[in-house]
Amino acid sequence: MGGDLRIGIVGYGTMGRAHCYGYRVAPMVRKLPVTPVVTVMSGRDGAAVAAAAAAYGVRETVTDWRELIARTDVDVVDICTPPGTHAEIAEAAAAAGKAVFCEKPLAVSYAQAASAAKAVSAAGVHNAVGFNYRRLPAVALMHRMIGDGAVGDVRLWRANWLSDEFTDPATPFDWRFDRAMGGTTIADLGSHLVDLALWMVGEITDVCAQSQTFITERPQFDGGVTEVGLADVTVDDASSALIRFGSGARGTVEMARSVVRRPCDFTIEVDGSEGTLHFDYARLNELWYGSAHSDPARYGLTRIRAEHESHPYAAGWWPIGQGVGYGSSFANQVADLLEGWPDAPWTPDFAQGAAVQAVCEAMERSAAADRWVAVSEVTG
């Protein structure tokens, strides 16, 4: 084994940058059987993708993702485009025999996600979805502690994700406000939360959701300069849902991009028969834990600094006390995927991404119909 694993990234925005960072740093935090090298990046705007690639250390660019897939110096196709394009690109990459790594959400509908999952399975190629928050040490420790029985039987699971991305009515219309291209806030932010819920607690059977769009029109510009009128917003600004798990546990989720001065705040809490775990992204190196068996004189939750070498991922990073940040989740993600290359399957894979999409679509249908919806209504 050894040598380079050559990656072509489709898309050059924030996620393209984050994925480039992950490929660059992963070999520094874990010994890998191959060295990931981004050989080419694609984007429709030639000048913009060239500037981004130069900043990210990528030598070559193309303006057509089909050309990237066809190249002989690409082993893995990494998709960082708007969600409405994911399935088509993924299926084309699989047909070409390339491994496929796709940013979340896998698609903007369950039908698209299931089609992509079927395509990679039929092609027999490695495939994964970028649910990177699983790879934060404190979140991974939370998952491990639940599995180890630290909270007993899980009874309640709750999470919220609050952002101020859509608060300004003057923010111009782009793909984020077009459901067919960007997906709903449920699918965008909510897919991370649903993935974590499935990972930590298990199958979700039924949901009851509500959604609201507060700013229903956005200014539209011609070439980014001249305003040409208003465009209808087809996505939710905020949504929330009640969740029933197959285990009997209950849960709630809230995702909103209309919360002033909340840049990217999310929390996760698990309440069980024997304890509680709480994670707050604003303090992402910490996990809070309370046990029913702890000394009552020290009643409350205890802070765990998830930086000890015994904690997930921590041993490959900095000395205890230094902490990690957002970027670490992308490096850990790459390290997890490539550590077992080429024999070990990737996870979470497209089948898991489609399962997340099914729950998200059940929430969307519930909000539209104002009723409880079984996930099986989506999956058939």
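Throughout what follows, the structure given in this document is the object of discussion.

Analysis parameters
- What you see as residue numbers is a count from 1 along each chain, following the sequence as written.
- Reporting in this predicted model follows two pLDDT cut-offs: at least 70 for local features of residues, and 80 or more for side-chain atom pairs to be given and counted; totals over whole chains, interfaces and linings ignore these cut-offs and use all residues.
- Side-chain metrics rest on all non-hydrogen atoms present in the structure, leaving aside hydrogens and water.
- Two strands qualify as a pair provided that DSSP identifies no fewer than 2 bridges between them.
- Numbering of helices and strands runs from the N terminus; a helix is a DSSP stretch of H or I covering at least four residues, while a strand is a stretch of E covering at least two.
- Only centres within 6.5 Å qualify two rings of Phe, Tyr or Trp (six-membered ring in Trp) as a pair; their planes then separate them into stacked at under 30 degrees, edge-to-face at over 60, and tilted for everything else.
- Accessibility here uses a 1.4 Å probe with only protein chains present; expressed as a share of the type maximum, an area under 20% marks a residue as buried, one over 50% as exposed, and anything in between as partly exposed.
- Think of it as a cone above the ring: NZ of Lys or CZ of Arg counts as a charge over the ring if it is within 6 Å of the ring centre and within 35 degrees of the ring normal.
- Classification remark: right-handed applies to a crossover when, strands pointing away from the viewer, the course from the first strand over the helix to the second runs clockwise.

## Some details on the pairing of strand β12 (residues 250–256)
Strand direction decides the pairing type here: strand β7 (residues 154–162) and β12, joined by seven bridges, are parallel. By the bridge assignment for β12, Leu156 is matched with Arg250. Relative to β12, strand β11 (residues 238–245) runs antiparallel, the two being bridged by seven bridges. From the neighbouring strand, Ala241 faces β12, where its bridge partner is Val253. Counted between consecutive antiparallel strands, the loop separating β11 from β12 contains four residues, among which Gly248 sits at a positive phi close to 105°.

## A look at the environment of Pro345
When you line up the elements, Pro345 lands in the loop between α9 (326–338) and α10 (350–369). Linking Pro345 and Leu284, residues 61 residues apart in sequence, is a C-alpha distance of 28 Å.

## Describing the packing of aromatic side chains
Throughout the structure, instances matching the rule amount to 12 aromatic pairs. Aromatic side chains Tyr326 and Phe330 sit 5.0 Å apart centroid to centroid with 80° between the ring planes, which places their arrangement in the edge-to-face category. On the criterion of helical spacing, the pair formed by Tyr326 and Phe330 is a turn pair, its members being four residues apart in helix α9. Take Phe330: its relative accessible area is 2%, and that puts it in the buried class. Three or more aromatic residues link up through ring pairs in this structure, and these residues are Tyr133, Trp161, Phe266, Phe279, Tyr281, Tyr326 and Phe330. In this structure, Arg244 packs its charged tip against the face of Trp372, placed 3.8 Å from the ring centre.

## Some points on the pairing of strand β5 (residues 99–103)
The buried fraction of β5 amounts to five of the five residues, a majority that puts the element mostly inside the structure. Here strand β4 (residues 76–79) pairs with β5 via four bridges, running parallel. Opposite Ile79, over in β5, you have Cys102 as the bridge partner. In this view, the connection linking β4 to its parallel neighbour β5 by way of helix α4 (residues 86–95) has right-handed handedness. With four bridges joining them, β5 and strand β6 (residues 127–130) adopt parallel strand pairing. Residue pairing in the sheet places Cys102 in a bridge with Val129 of β6.

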